[in-house]
Amino acid sequence: MVAPNAEAIRRALDRLVEPGAVFEIRVPKAGRAGTVSGYFNDLDTSAKEAALWSGKATAVYFTVNPVKPALLARASNRMQEHAEYATADADIERRRWLYVDVDAVRPAGIAATDAEHDVALERARLLRNFLTDQGVPTDSIILADSGNGGSLYVHIDLPNAADALALVKGVLEALHGLFSDGVALVDRSVSNAARITRVPCTLNAKGDNTQDRPHRLARLLDVPDTLAVCPRDVLERIAALAPEPERPARQRGTGQPYTGPAFDFPTWLAASGLDVAQEKAWGTGMLYELTECPWNPDHKRTARIVRFENGALSAGCFHASCQGKTWADLRDVVEAMPFWTPPPSSNGQPAEDGGGVQLRRMADVVSEAVTWLWHPYIPSGKLTLLEGDPGVGKSWVALAIATAVSLGKGLPGQASGEPGNVLLASAEDGLGDTIRPRLDAMGADVSLIYAIDGPLTFDDAGFVVLESAIATVRPRLLVLDPLVAYLGGDVDIHRANEVRHITANLARLADTYGLAVLPVRHLTKGGASKPIYRGLGSIDFTAACRSVLLAGHAADNPQARGLVHIKSNLAPIGPAIGYELRGGHFYWTGESLLTAADILAADDGAGASALEEAVGFVTAQLAAGPVLATQVWGDTHDAGLKDRTVNRAKAKMGVVTHRQGSAGKRGGGGFVWHLPGDLHCQDCHIENSGNVNHSEAENRAIPAEVGNQNGVAV
């Protein structure tokens, strides 16, 4: 293993960093130093710092694209331990590099073997050859060794804008589909503008340094003497090679909607005469690489068919002369052949396109286990609604959940796991003055939490932007706070048909990317008796979510807040979970006795007065000394007080329950209530305090509306 050399680092950075440009060097997870970061426009100083930190952590990274010069003031040409800030996508001035990373398939967190290392480097060389064949200038590409695999830096000149992100993402998707397999993978997640890559000539120190899996220096292998910029139209041509789902739902030759049987692709392919050179996974679908192009047999292994999970099909060839060819074009070529015989469908007629809709026998459907972000409250791959009134701390709760995900620390009642990324969309709280301070106060790993900074509306274009962000970040949790802020002025939140378009798209993203989506919603003011009907807008919001959490507090104690689980389709309802906000900090307080009725009573403003009336009534009843419990209940019923309200008053007052006399004897075995500290009961045997005990419950049936919350009598 060769030691890092500052001069070699400096020469490498000189080829990747434009003169005078500002860039960040970052060392995540550097032991007690936390995240170490600095901003540089001095290559000599940056190289010395990179050499100094090399080997002290897993890797030393730098921002491959130049950052805005103002960020130099964070830590000017020096490294700062326990850095509070990192470069965000919005901090990038312009995209100057498109980074392509290739690694051999291996377990995470360990270095590559020599064989795995060689495979990845060879795949990177094949990628370079392919890019030049597509028109990328040879002088635009730097070939590099990441220490564990191969990588390419393609010199570009694009604005830091949404269309550039989509273009870079499209290029990576195309390269992944064409060159990833069970041996080596092209990373699709490196498209963001603030992407960091290893500083060349520093150590890649993943896992332990063993004989079989040694630590290696990252290196630049092949650097052009003079760098050229790759034209944008070349990138667009490559990005177009990534198949998009084509959803033919028309009767071929008529243009009329098709209502026939689902298209049987495997049978069609077997009858087509096409020679498939390789089959491999493409996302959740399959890619079929054809030995010869059906439009030009001189093109070898350049054509492909992609079958998506929903049954939609796409086809094309990445040779320039075949650009624009589609699945419909391929069918026309194949089905015009003299040997073509239409394969029969299940009803004896030629199979046709069914638009991805098909009948499935349930015996053929494989049961799948539900995965959880937080059991039983937040399932992964589904929508969970978090709702409550303004001021009860919904946003704090959402950020507390995000913090737990970023740290891999278990939420209440859940064991710790692996840290994960989080994506936030917050329309009401500022990123710098509210969200970041709250995350810092909770100890979140902010390097794993990303925020959508800018206007976003959930129309068709907005969902493209959102999906692009999700595909880039690959979060385990998406928070939308509040949901209605992203619906746009044209959406009537009370109309089910308009709401369903939003919830269906969110559910699709949750399922496609396996992430938990947590929309936040306000409540209406009173009116509905059931908690699930109190959310603002159509009930279809609630219906689309597999779980609903209600945040709030009781009327008599606004500081004791809690999350109450009011809907769950995938698991039993979980116990209420308490939380507090004190001194600008958030605290989970364990299981809570809070109920949805408590929260809604506090919201209606009627709960406090009813509770005060019950407290006054019970105090008057017990002022002269102990009273039989049965008599108290009878008197409160006669006064029109609800049993639940009386129990809350009893708990608030600290009323003591004890047995008077001996069970089983005439006139004995009854229960009495008395005020705490009542001198009449100094010698009484106290069975329980504050809550109805089990023995009393046996003597007097507790009404169902009082019941037993979370296993604790209230």
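Residues numbered from 1 in each chain as written. Predicted model: local features only at pLDDT ≥ 70, side-chain atom pairs only at ≥ 80, totals over all residues. Heavy atoms only, no water.

Asker: Any chance you could break down helix α9 (residues 431–441) for me, citing the residues and the numbers?
Answerer: What α9 keeps buried is the set T434, I435, R436 and L439. Projection of α9 onto a plane perpendicular to its axis shows the buried side chains occupying an angular sector of 165 degrees, all on one side. With respect to the buried face of α9, the exposed residues turned more than 90 degrees away are G432 and D433. Phi turns positive one or two residues past the end of α9, at G443, with a value near 75 degrees. (Buried < 20%, exposed > 50% of the residue type's maximum accessible area, 1.4 Å probe, protein only. Helix = DSSP H or I, 4+ residues; strand = E, 2+ residues; numbered from the N terminus. Arc of directions from axis to C-beta.)

Asker: Explain the pattern of salt bridges residue by residue, including any values.
Answerer: In total, this model carries 23 salt bridges according to the counting rule given. Measuring nitrogen to oxygen at the nearest pair gives 2.9 Å for the salt bridge that ties D114 to R216. Of this pair, D114 sits in helix α3 (residues 114–133) while R216 sits in strand β10 (residues 216–217), placing them 102 residues apart in sequence. A relative accessible area of 11% places R216 in the buried class. Here D222 makes a salt bridge to R128, at a shortest N to O gap of 2.7 Å. (Salt bridge = Lys/Arg side-chain N within 4 Å of Asp/Glu carboxyl O.)

Asker: Quick rundown of the packing of aromatic side chains? Include the residues and the values.
Answerer: Inspection of every chain in the model, using the stated rule, returns 14 aromatic pairs. Arranged with centres 6.3 Å apart and planes meeting at 20 degrees, the rings of F265 and W268 form a pair that is stacked. Residue F265 and its partner W268 are both found in helix α6 (residues 265–272); the two are separated by three residues, about one turn of the helix. Given the relative accessible area of 1%, F265 is considered buried. Aromatic pair F586 and W588: ring centres 4.9 Å apart, planes at 85 degrees, arrangement edge-to-face. What makes F586 buried here is its relative accessible area of 9%. (Phe/Tyr/Trp six-rings, centres within 6.5 Å; stacked < 30°, edge-to-face > 60°.)

Asker: Could you give me a rundown of the environment of R644, with the residues and numbers involved?
Answerer: Within the element layout of this structure, R644 appears in helix α16 (residues 643–653). A C-alpha to C-alpha distance of 9.6 Å links R644 and L611, two positions 33 residues apart in sequence.

Asker: A description of the nonpolar core should follow, citing residues and the corresponding values.
Answerer: Core analysis: the largest hydrophobic core is formed by 64 residues, its most contacted members being F62, L98, L131, Y153 and L175. The leading source of residues in this core is helix α4 (residues 162–179), at nine residues. Those residues within four positions of L98 in sequence are excluded, and the remaining contacts are L152, Y153, V154, I156, V168, V171, L172 and L235. Among the nonpolar cores identified, the runner-up in size contains 40 residues, and A469, V473, I502 and L600 belong to it. (Core = buried A, V, L, I, M, F, W, Y, C linked by side-chain atoms within 4.5 Å. Contact = heavy atoms within 4.5 Å.)

Asker: Account for the packing of α4 against helix α5 (residues 232–239), naming residues and giving values.
Answerer: Contact geometry of α4 with α5 gives a least axis separation of 7 Å together with a crossing angle of 50 degrees. Regarding the angle of α4 to α5, the classification is oblique. As α4 packs across α5, the resulting crossing turns out to be left-handed. Contacts from D163, A164, L167, G170, V171, A174 and L175 in α4 reach R232, L235, E236, I238 and A239 in α5. Residues belonging to the contact of α4 with α5 are distributed by class as follows: eight nonpolar, one polar and three charged. (Axes fitted to C-alpha atoms, helices over the stretch in contact; angles between N-to-C directions. Parallel < 35°, antiparallel > 145°, perpendicular 65-115°, else oblique. Left-handed = near helix turned anticlockwise from the far one by under 90°. Nonpolar A, V, L, I, M, F, W, Y, C, P; charged D, E, K, R; others polar.)

Asker: Report on the sheet that holds strand β3 (residues 61–63), specifying residues and quantitative values.
Answerer: Pairing in this open sheet of four strands is antiparallel, and the strands run β2-β1-β3-β8 from one edge to the other. Only two strands of the sheet have a single neighbouring strand rather than two, namely β2 (36–40) and β8 (196–198). Between one strand axis and the next, the sheet turns through 25 degrees on average, direction left out of account. Where strand β1 (residues 23–27) lies against β3, two bridges are found, and the strand directions are antiparallel. The partner of R26 across the bridge, within β3, is Y61. Against the sheet, helix α2 (residues 43–53) touches β1 and β2, its axis set at about 10 degrees to β1. (Pairing = 2+ DSSP bridges.)

Asker: Describe the environment of S568, and please don't skip the residues or the numbers.
Answerer: Mapped onto the secondary structure, S568 falls in strand β24 (residues 557–568). For S568 and V548, which are 20 residues apart along the polypeptide, the C-alpha to C-alpha distance reads 6.7 Å. Look past the residues within four positions of S568 in its chain and what remains in contact with it is P376, R546, S547 and I573. For S568, the side chain forms a polar contact with the main-chain oxygen of A571, separated by 2.6 Å. (Polar contact = N/O pair within 3.5 Å; in protein donor to acceptor, adjacent residues only side chain to side chain.)

Asker: Which residues make up the packing of helix α1 (residues 6–16) against α2, and what are the values?
Answerer: Where α1 contacts α2, the two axes come as close as 8 Å, and the packing angle between them is 125 degrees. Judged by the inter-axis angle, α1 sits oblique to α2. Crossing geometry of α1 relative to α2 is assigned as right-handed. Contacts between α1 and α2 involve A6, I9, R10, L13 and D14 from the first element and L43, D44, S46, A47, K48, A50 and A51 from the second.

Asker: An account of the sheet that holds strand β7 (residues 184–186) is requested, with residue identities and associated values reported.
Answerer: As summarised here, the arrangement of the five strands in space is β7-β4-β6-β5-β11, forming an open sheet in which the pairing is antiparallel. In the strand order of this sheet, the two ends are held by β7 and β11 (219–222), each with one partner. The mean inter-strand angle of the sheet, taken between neighbouring strand axes irrespective of direction, is 30 degrees. Two strands pair when backbone bridges link them, and strand β5 (residues 141–145) and strand β6 (residues 150–159) are joined in this way by five bridges, in the antiparallel orientation. Across the sheet, D145 pairs through a bridge with G150, a residue of β6. Here α4 sits on the sheet and contacts β4 (94–104), β6 and β7; the angle it forms with β4, its principal contact strand, is near 20 degrees.

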